[in-house]
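Residue strings, one per chain:
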Amino acid sequence: MTGADEALLVQQLANPKTRHAAFERLVREFSEQLYWQIRRIVLIHEDADDVMQNVFLKAWQHLDGFHQESRISTWLYRIAINESLDFMRRKKNQREVSADSEASSVARTLMADKYFDGDETAALLHEAIAQLPDVQRMVFNLRYFDNMKYSDISNLLNTSEGALKASYHIAVKKISDFFKQRD
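Computed from a predicted model, the values in this text were never measured in an experiment.

Caption draft 1: Structural detail: the nonpolar core. Core analysis: the largest hydrophobic core is formed by 48 residues, its most contacted members being L13, L26, L34, I38, V42, I72 and W75. Those elements that place two or more of their residues in this core are α1 (3-14), α2 (19-42), α3 (45-61), α4 (72-95), α7 (120-130), α8 (134-145), α9 (150-157) and α10 (161-182). Of the residues forming this core, the biggest block, 10 residues, is contributed by α4. Apart from the residues within four sequence positions on either side, I72 is in contact with E6, V10, L13, L26, F30 and F66.

Right, here's the structure in full:
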């Protein structure tokens, strides 16, 4: 979406007469990107769908709170990341399972998921990622899968580029160590 397209969309979202149609366009425009970002965090298709519905519901409810301090895509990504992390915390609390135990079942769960189209190596990569602390996991996902620039991640997560680079490199090292232990 170009800057001009986004500016027009934001203008239409602010107008009560065009808000509904503009929001439908926003959902069409960003659904796929948000789905994959959420899916990399929550891993399971059905969970990603549930979280995505919550993201768009929250976005609709807080449209008046969007003050154009960032791009609308950044605002949506923030909501998606926060909703995904909240979902994972609730899920962990409901199961009362340790993070290590839950992470070790990721590969098995993904391989059994009919919507997962990767192989065993991809499932193991997701298992390694699931074992990372939240911030490292976010930074790794945004940089590795979305090829997002550090400056954009910095705006999204409200942290310095230096801290992000350090988190990314630590995450890569941990993932590399995970695979070395499997050999």
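Here the narrative resumes, following the displayed structure.
Caption draft 2: Region of the structure containing the packing of α1 against α2. Taken N-terminus to C-terminus, the directions of α1 and α2 make an angle of 140°; their axes are 7 Å apart at the nearest point. Taken together, α1 and α2 sit at an angle that is classed as oblique. Here α1 and α2 pass one another in a crossing that is left-handed. Where α1 abuts α2, its residues D5, L9, Q12, L13 and A14 lie against R19, A22, F23, R25 and L26. Tallied by class, the residues present in the contact of α1 with α2 amount to 6 nonpolar, 1 polar and 3 charged.

The rules behind these values
Residues numbered from 1 in each chain as written. Predicted model: local features only at pLDDT ≥ 70, side-chain atom pairs only at ≥ 80, totals over all residues. Heavy atoms only, no water. Core = buried A, V, L, I, M, F, W, Y, C linked by side-chain atoms within 4.5 Å. Buried < 20%, exposed > 50% of the residue type's maximum accessible area, 1.4 Å probe, protein only. Helix = DSSP H or I, 4+ residues; strand = E, 2+ residues; numbered from the N terminus. Contact = heavy atoms within 4.5 Å. Axes fitted to C-alpha atoms, helices over the stretch in contact; angles between N-to-C directions. Parallel < 35°, antiparallel > 145°, perpendicular 65-115°, else oblique. Left-handed = near helix turned anticlockwise from the far one by under 90°. Nonpolar A, V, L, I, M, F, W, Y, C, P; charged D, E, K, R; others polar.

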